[in-house]
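Architecture at a glance
Next come the chains, spelled out residue by residue.
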Amino acid sequence: MAKGEAVARAKNESLLERIDAAIAEKSLLKHPFYQDWQAGKLSREALQLYAAQYYRHVEAFPGHLRVLAARTEGTLQGLIRENLAEEENPAGAHPKLWRDFAAAVGVGEDDITCCPALPGTQAVVQKFREICGDRTVAEAVAALYAYEAQVPEIATTKMDGLKKFYGVTQADGLAYFAVHEETDKLHRAAWRGWLEEHADGNDEEILATTNEALDALWGALDAVHCAPVKN
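Below is a short write-up of the structure. Everything numeric here is computed off the predicted structure, so don't read it as measured data.

Re empty space enclosed by the protein
Within this structure, the stated rule accounts for three cavities of 30 Å³ or more. In this structure, the largest cavity spans a volume of roughly 100 Å³. Taken together, Leu28, Tyr34, Tyr54, Trp98, Tyr147, Val151, Ile154, Ala155, Lys158, Tyr176, Phe177 and His180 make up the lining of the largest cavity. Elements that contribute at least two residues to the lining of the largest cavity include exactly α9 (151-165) and α10 (171-198). With four residues, α9 is the single largest residue contributor to the lining of the largest cavity. Grouping the constituent residues of the lining of the largest cavity by class yields 10 nonpolar, one polar and one charged. The wall of the second largest cavity is formed by His57, Val58, Phe61, Glu87, His94, Tyr147, Glu148, Tyr176, His180 and Asp184.

As structure tokens, this is what we get:
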């Protein structure tokens with residue numbers, strides 16, 4: 001490895017340490033909504049509201065990838081398109097798997113399509129679309145890494161809670177989380193590997209965008225945790 005490459009890699013590794021620290025600080029598993037989920041304290045209505053609202057983020061995510069893919073080329077574009085193909089797999093497209101989860105907790109198709117988006121839900125969709133479409137490529141990849149890096153562990157805890165406290169044991173109701181428990185380990189490694197090699201740009205701007213993405217994800221849970229629901 002040339003000296004210049006070694007210096008760049010060391011710089012990127014330092015940036016990744018800072019990104020990982022930000023993810024750990026704002027881990028979604030620390031959010032009160034997920035804490036209540038893990039403890040079985042969510043009402044059925046709260047879980048249903050979450051299923052209806054968070055679908056917007058799930059449905060929009062392939063579009064974010066498509067927007068970013070159009071701005072890239074080479075290895076990164078291939079990585080993004082592999083991720084997109086998995087999201088839109090005809091045998092189990094992720095939005096469809098989410099709707100199966102929603103159905104398992106009593107949320108029908110009409111409940112999803114007719115439920116107005118809460119501000120926090122809309123904000124996370126808009127933030128990721130803006131980052132993927134308008135920020136530097138390194139900022140967009142860092143934001144996607146910050147999201148997908150958390151998903152495997154979140155998926156595991158969600159499945160545990162659904163089976164233990166909410167009576168969701170059927171395979172189709174858990175499939176969305178079962179898929180993400182494994183595939184996002186690959187996505188996490190892919191985003192991280194690219195950042196290690198190619199995170200050119202202003203470190204402070206990349207970190208700031210990462211924190212914006214983390215705040216938007218936290219805000220989406222705030223929206224459903226704080227919304228009034230029927231008891």
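Picking up where we left off.
Notes on the environment of tyrosine 54
Position of tyrosine 54 relative to the elements: it lies in helix α3 (residues 44-69). For tyrosine 54, a relative accessible area of 7% gives the class buried. Through-space distance from the C-alpha of tyrosine 54 to that of alanine 223 is 9.8 Å; in sequence the pair is 169 residues apart. In this view, tyrosine 54 contacts Trp98, Tyr147, Leu217 and Ala220; residues no more than four positions away in its chain are not counted.

Observations concerning the packing of aromatic side chains
By the definition in use, this model includes 18 aromatic pairs. Centroid distance tyrosine 34 to tyrosine 50: 6.3 Å. Interplanar angle 80°. Geometry classified as edge-to-face. A residue pair is termed long-range when its members are at least 10 positions apart, and tyrosine 34 in helix α2 (residues 32-39) and tyrosine 50 in helix α3 qualify at 16 residues. The class of tyrosine 34 is buried, set by a relative accessible area of 3%. One cation-aromatic arrangement involves lysine 158 over tyrosine 54; the distance from NZ or CZ to the ring centre is 5.6 Å.

A closer look at the environment of valine 67
Tracing the sequence through the fold places valine 67 in helix α3. The exposure class of valine 67 is partly exposed, given its relative accessible area of 26%. Sequence separation between valine 67 and cysteine 226 is 159 residues, and the spatial gap between their C-alpha atoms is 32 Å.

Looking at α2
Those residues of α2 that sit buried are Phe33, Tyr34 and Trp37. Viewed along the axis of α2, the buried residues span an arc of 90°, placing them on a single side of the element. Buried positions along α2 lie against α3, α5 (94-104), α9 and α11 (203-226). Phi turns positive, to about 75°, at glycine 40, one or two residues after α2.

A word on the pattern of salt bridges
Close approach of charged atoms allows side chains with opposite charge to pair. Enumeration over the complete set of coordinates arrives at 14 salt bridges. Here arginine 99 ties to glutamate 109 by a salt bridge, and the two come within 3.1 Å at their closest N and O atoms. You can see arginine 99 sitting in helix α5 and its partner glutamate 109 sitting in helix α6 (residues 109-114), a full 10 residues away along the chain. Using a relative accessible area of 22% as the deciding quantity, one classes arginine 99 as partly exposed. Where glutamate 212 meets arginine 135, a salt bridge forms, and the shortest distance between an N and an O atom there is 2.8 Å. Within this pair, whereas glutamate 212 is found in helix α11, its partner arginine 135 is found in the loop between α7 (119-134) and α8 (137-148), the two being separated by 77 residues in sequence. A network of salt bridges, in which partner residues are shared, links Lys127, Glu130, Arg135, Glu139 and Glu212.

A closer look at the nonpolar core
Where a protein is soluble and globular, its nonpolar side chains tend to be buried together. Trp37, Tyr50, Trp98, Phe101, Leu162 and Trp191 are the most contacted members of the largest nonpolar core, which has 75 residues in total. At 14 residues, the largest contribution of residues to this core is made by α3.

Reading the values: the criteria
Residues numbered from 1 in each chain as written. Predicted model: local features only at pLDDT ≥ 70, side-chain atom pairs only at ≥ 80, totals over all residues. Heavy atoms only, no water. 1 Å grid on protein atoms, 1.4 Å probe; cavity = no way out; pocket = protein on both sides within 12 Å on 5 of 7 lines; lining within 4 Å. Points joined across faces, edges and corners; volume = space filled by probe spheres on them. Helix = DSSP H or I, 4+ residues; strand = E, 2+ residues; numbered from the N terminus. Nonpolar A, V, L, I, M, F, W, Y, C, P; charged D, E, K, R; others polar. Buried < 20%, exposed > 50% of the residue type's maximum accessible area, 1.4 Å probe, protein only. Contact = heavy atoms within 4.5 Å. Phe/Tyr/Trp six-rings, centres within 6.5 Å; stacked < 30°, edge-to-face > 60°. Lys NZ or Arg CZ within 6 Å of the ring centre and 35° of its normal. Arc of directions from axis to C-beta. Salt bridge = Lys/Arg side-chain N within 4 Å of Asp/Glu carboxyl O. Core = buried A, V, L, I, M, F, W, Y, C linked by side-chain atoms within 4.5 Å.

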